[in-house]
Amino acid sequence: MTEKTERKKITARDFAELKGQRKLACVTCYDYTSALLVDRSHIDAILVGDSASNTMAGHPTTLPITLDQMIYHVQCVTRAVRHCFVMGDMPFGTVHGDPYAALQNAIRMMKEGGCDAVKVEGGHEIRASLEMILGANIPVVGHLGLTPQSIHRLGGYGLQAREEAAAERLLEDARMLNEIGVSAITLEKIPAALAKRVTEAVSVPTIGIGAGPDTDAQILVMQDMLGMTEGFRPKFLRRFGEVGEAMVRAFDDYAAAVAEGSFPNETESY
Ligand code: KIV
């Protein structure tokens, strides 16, 4: 693995061109301190996901988070990042309807947030908005399959595109996204075999979450993969750390030291 210090900034173009060269690792991130740590690691890309609505704000869905709030999180991350490719998630309601309004929202995300690309949930139904955004030279990352902003229509967070007709529709959307020039396509919670078909059908990297081993990249929500969240244990989630337990232990050690009067000691006092 290359030393971190030798790594250059990964742009949207670099990320797209990495398809087929090696597998890519992505993680979500929403704050400055965590972004510094992610950027020190060998992670390739950060998604400032609208999952901030859940992980940062405690909402049950991604719907409530606003564009201003997303821009705030994107700014916190981009202030820290020197190497990773940073995607800013366009929140619910910012790309549907008038394509010109979608463009203005994407411009705000890029100009104020400072990210390298915007990520947008959806396919053919938002094609005009996507083309308008791409027409302004803003790199776009697509998102198909389980699109949490559609939770009220989908009726749950289950596996998507199980039936052949739905799989064909998803493949068509992926081909369309590829054709109009997106930089990558996120595939969430779809059968592994379908994710493989999509990955083979498009020329840009696919970023999988719950989409099996054959996508070009993988992404996980940081709090989930670090073991900071309770009760969310879908089959696709591997916990790469038990940071939540480590934090509770540290809080308890601190509280105990305060209670017994051993903190602060002489060397920790002025
Ligand atoms: O917002 C998010 O975290 C996402 C990932 C799950 C892909 O969209």
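All of the points below concern the structure found in this document. Values in this document were obtained by computation on a predicted structure and should not be read as measured data.

Analysis parameters
- Residues numbered from 1 in each chain as written.
- Predicted model: local features only at pLDDT ≥ 70, side-chain atom pairs only at ≥ 80, totals over all residues.
- Heavy atoms only, no water.
- Buried < 20%, exposed > 50% of the residue type's maximum accessible area, 1.4 Å probe, protein only.
- Helix = DSSP H or I, 4+ residues; strand = E, 2+ residues; numbered from the N terminus.
- Pairing = 2+ DSSP bridges.
- Right-handed = clockwise from strand over helix to strand, strands pointing away.
- Axes fitted to C-alpha atoms, helices over the stretch in contact; angles between N-to-C directions.
- Contact = heavy atoms within 4.5 Å.
- Arc of directions from axis to C-beta.
- Parallel < 35°, antiparallel > 145°, perpendicular 65-115°, else oblique.
- Left-handed = near helix turned anticlockwise from the far one by under 90°.
- Nonpolar A, V, L, I, M, F, W, Y, C, P; charged D, E, K, R; others polar.
- Core = buried A, V, L, I, M, F, W, Y, C linked by side-chain atoms within 4.5 Å.
- Near = heavy atom within 4 Å.
- Polar contact = N/O pair within 3.5 Å; in protein donor to acceptor, adjacent residues only side chain to side chain.
- Areas by Shrake-Rupley, 256 points an atom, 1.4 Å probe, with all protein chains shown as cover.
- Disulfide = S-S within 2.5 Å.

Considerations on the pairing of strand β3 (residues 85-89)
And then number 1: Burial within β3 is extensive, with five of its five residues counted as buried.
And then number 2: Of the two faces of β3, the one lined by Phe-85, Met-87 and Asp-89 and the one lined by Val-86 and Gly-88 are each fully buried.
And then number 3: In this structure, β3 lies alongside strand β4 (residues 117-121), joined through three bridges in parallel fashion. The residue of β4 that forms the bridge with Asp-89 is Lys-119.
And then number 4: Crossover connection from β3 via helix α5 (residues 99-113) to parallel β4: handedness right-handed.

What to know about the sheet that holds strand β6 (residues 184-188)
Pairing between the strands of a sheet is mediated by backbone hydrogen bonds and can be parallel or antiparallel.
And then number 1: If you walk around this closed barrel you meet the eight strands as β1-β2-β3-β4-β5-β6-β7-β8, and the pairing is parallel. Going from strand to strand, the sheet's axes swing by 25° on average, the running direction of each strand aside.
And then number 2: Here α5 sits on the sheet in contact with β3 and β4, set at roughly 140° to β4.
And then number 3: Strand contacts of helix α8 (residues 164-180): β5 (140-145) and β6, with the helix running at about 175° to β5, the strand carrying the most contacts.

Regarding helix α2 (residues 32-40)
And then number 1: Those residues of α2 that fall on the buried side of the exposure criterion are Ser-34, Ala-35, Val-38 and Asp-39. Seen from one end, α2 has its buried residues packed into an arc of 135°, which puts them on one side. For α2, the exposed residues lying more than 90 degrees away from the buried face are Thr-33, Leu-37 and Arg-40.
And then number 2: Packing partners of the buried residues in α2 comprise β1 (24-28), β2 (45-48), α4 (67-78) and α10 (222-225).

A look at the packing of α5 against helix α6 (residues 127-135)
And then number 1: Contact geometry for α5 and α6: axes closest at 8 Å, N-to-C directions at 45°. As judged from the angle between their axes, α5 and α6 are oblique. For the element pair α5 and α6, the recorded crossing hand is right-handed. Of the residues in α6, those touching α5 at Pro-99, Tyr-100, Ala-102, Leu-103 and Ala-106 are Ala-128, Ser-129, Met-132 and Ile-133.
And then number 2: Its residues assigned to classes, the contact of α5 with α6 comprises eight nonpolar, one polar and no charged.

Regarding the nonpolar core
And then number 1: Core analysis: the largest hydrophobic core is formed by 58 residues, its most contacted members being Met-109, Val-118, Ile-185 and Leu-187.
And then number 2: With seven residues, the top contributor of residues to this core is α8.
And then number 3: Judged by nonpolar contacts, the second largest core, of 17 residues, contains Leu-47, Met-87, Ala-117 and Ile-219.

Examining the site of the ligand
And then number 1: The full set of residues close to the ligand is Thr-28, Leu-47, Gly-49, Asp-50, Ser-51, Asp-89, Lys-119, His-143, Thr-186, Glu-188, Ile-209 and Val-221.
And then number 2: Between the ligand and Asp-50 there is a distance of 3.0 Å, counted from an oxygen atom to a side-chain nitrogen or oxygen.
And then number 3: At 3.2 Å, a side-chain N or O of Asp-89 approaches an oxygen atom of the ligand.
And then number 4: Across the complex, the protein chains shield 95% of the 260 Å² of accessible surface that the ligand would expose by itself.
And then number 5: Considered class by class, the residues forming the shell around the ligand number three nonpolar, five polar and four charged.

A word on the state of the cysteines
In a disulfide, the sulfur atoms of two cysteines are covalently bonded to one another.
And then number 1: Going through the model one piece at a time under the given rule, you end up with zero disulfides.
And then number 2: We note that Cys-115 lacks a disulfide partner, and the nearest cysteine sulfur, in Cys-76, lies 13 Å from it.

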